[in-house]
Amino acid sequence: MRVLAIETSCDETAVAVLEAFGALPSISFRTLGNALLSQAAKHAAFGGVFPSLAKREHAAVIVPLIEDALRQASMLREEYTDISAYSDALPALFAHEPGLAQQMAAFLSRAGKPELDAIAVTAGPGLEPALWVGINAAKALALAWDLPLLPQNHMEGHFLSSLIQNDQLEGIALPVLGLLISGGHTEFVVMREWLRYTTIGETVDDAVGEAFDKTARLLGLPYPGGPEISKLAEAARTEGVQSSFSLPRPMKDSGDLRFSFSGLKTAVRYTVEKIESLTDAHRKELALEFEQAVGDVIVGKTRKALEDTGARTFLIGGGVAANTHIRRELTNLVETSFPDMKLCLPHPKDTGDNAIMIAQVALARLLSGQQPRGGDIRADGNLSF
Ligand code: KG4
Ligand code: ZN
């Protein structure tokens, strides 16, 4: 089966073409094309993702990226194609982006139908104006090529893709516990049966990536702040720097699986406000203490979640799963306290947003015989599992 997937939930515009064989619990994937553009540098000036800019940037590059992914997959059949049967529908699909209707019409009139089984697209969670660009582009392709359109959950993409190693999904024992940590989410999700999920704990306020980004901003570091904080903290550890600051470990001993990170960010703010002039040495020590605090909370909660669920597999996913300290601490936890557990740590280059993970979820569902849901597809910024 072959799927083209589109992801535009935040500040990455991504299109991927994947092929897969097998059926759950054993599937092999092959990436045939993968085109991705990050807008992160454009949002840096705002210190975070600016939704209307994200939408405009997605709209500017989505058609070239679709073309690029298909070309990489050797599926771009450049031939004159009559689009009169559906061309009237395009301006309505792109009512807010008239330029995009024209670009899409021009592309479709010179690209024959590729050998695909479906079009998949992220329907949420994420920024709704950004999600709509991908959804409308996917609708146009599904309409033009008469293919099923499969809406997908972005967080399920992070979850499932973390279980896939070297393009193979195999040997995964259930139940699986996932810790999803990103710019918008911090949650424990359990999969007891394939593709059925239960959220058993989440943040009551900020997501962990958001706490990294906000702390970085307080320290005068650029967006996205996670990698910046991580770099400073790792340098501090290598140099043997001790932090002279002390930050709270919010809800570490609350006895449940809820997280809270807004107090930690506020504690950083108070600390910074008390410093007369912030030096690089202060930044390094604060980054170290902040990351240690986050790591301590995550390890404590994960220990409880692993005990409570009796999980046989543990994965981490989402952008913050690239964090070296968190990866190291969780690896230690599993090795010392849960030695029989299979730990799935995605490669740091695969933890950020991408369309491969969206195609993987769609393919896993198709190969397990799940029929596409009917009805209209809408962007849902708060889509849950
Ligand atoms: O999953 P993702 O790419 O987008 C969302 O769905 O949110 O996650 C982005 C988040 C940002 O908050 C970014 O600062 C954080 O992941 N991040 C990191 C690291 N790399 C990315 N946080 C800590 N350490 C890192 N190495
Ligand atoms: Zn994400």
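What you see is a predicted model, and the numbers here were worked out from it, not measured in a lab.

*Asks:* Mind showing me how you'd approach the coordination of the zinc ion (ligand 2) here?
*Replies:* When a metal holds four donors in a tetrahedron, each ideal angle between them is 109.5 degrees; when it holds six in an octahedron, the ideal angles are 90 or 180 degrees. Ligation of the zinc ion (ligand 2) by protein atoms is provided by His154 (NE2), His158 (NE2) and Asp353 (OD), these donors lying 2.1 to 2.2 Å from the ion. Look at where the donors of the zinc ion (ligand 2) fall in the sequence and you get H-x3-H-x194-D. Remark: Asp353 occurs in the loop between β13 (342-344) and α12 (356-367) and His154 occurs in helix α6 (residues 154-163); sequence separation between them is 199 residues. The burial state of His154 is the same as that of Asp353; both residues are buried.

*Asks:* Could you clarify how one ought to interpret the sheet that holds strand β12 (residues 313-317) in this entry?
*Replies:* Consider a sheet: its strands pair through backbone hydrogen bonds, and that pairing is either parallel or antiparallel. If you walk across this open sheet you meet the five strands as β11-β10-β9-β12-β13, and the pairing is mixed. Each end of this open sheet is capped by a strand with a single partner; those strands are β11 (196-202) and β13. Averaged over all adjacent pairs, the angle separating strand axes in this sheet is 20°, with direction ignored. Across five bridges, the pairing between strand β9 (residues 176-181) and β12 is parallel.

*Asks:* Honestly, the pairing of β12 in this entry has me stumped. Any pointers?
*Replies:* For a regular strand, the rule is simple: side chains alternate between the two faces of the sheet. With respect to burial, β12 is a largely interior element, five of its five residues being buried. Burial along β12 is two-sided: Thr313, Leu315 and Gly317 and Phe314 and Ile316, pointing in opposite directions, are all buried. Where β12 lies against β13, three bridges are found, and the strand directions are parallel. Following the sheet pairing, Thr313 is matched in β13 by Lys342. One crossover worth recording links β12 to the parallel β13 by way of helix α11 (residues 324-337), and it is right-handed.

*Asks:* Can you help me understand the site of ligand 1 in this one?
*Replies:* The local shell around ligand 1 holds 18 residues, among which Gly183, Asp213, Gly319, Asn323 and Asp353 are the closest. Residue Asp213 places a side-chain N or O atom 2.6 Å away from an oxygen atom belonging to ligand 1. Asp353 is positioned with one of its side-chain polar atoms (N or O) 3.1 Å from an oxygen atom of ligand 1. When the free accessible area of ligand 1 is taken as 550 Å², the share hidden by the protein chains comes to 85%. Elements that contribute at least two residues to the shell around ligand 1 include exactly α6, α7 (208-218) and α8 (225-238). Among the elements that take part in the shell around ligand 1, α7 stands out by supplying three residues, more than any other.

Rules used throughout
Residues numbered from 1 in each chain as written. Chains lettered and ligands numbered in written order. Predicted model: local features only at pLDDT ≥ 70, side-chain atom pairs only at ≥ 80, totals over all residues. Heavy atoms only, no water. Donors = N, O, S within 2.8 Å, 3.2 Å for Na, K, Ca; no water. Helix = DSSP H or I, 4+ residues; strand = E, 2+ residues; numbered from the N terminus. Buried < 20%, exposed > 50% of the residue type's maximum accessible area, 1.4 Å probe, protein only. Pairing = 2+ DSSP bridges. Axes fitted to C-alpha atoms, helices over the stretch in contact; angles between N-to-C directions. Right-handed = clockwise from strand over helix to strand, strands pointing away. Near = heavy atom within 4 Å. Polar contact = N/O pair within 3.5 Å; in protein donor to acceptor, adjacent residues only side chain to side chain. Areas by Shrake-Rupley, 256 points an atom, 1.4 Å probe, with all protein chains shown as cover.

So yeah, pure geometry; function would need other evidence.
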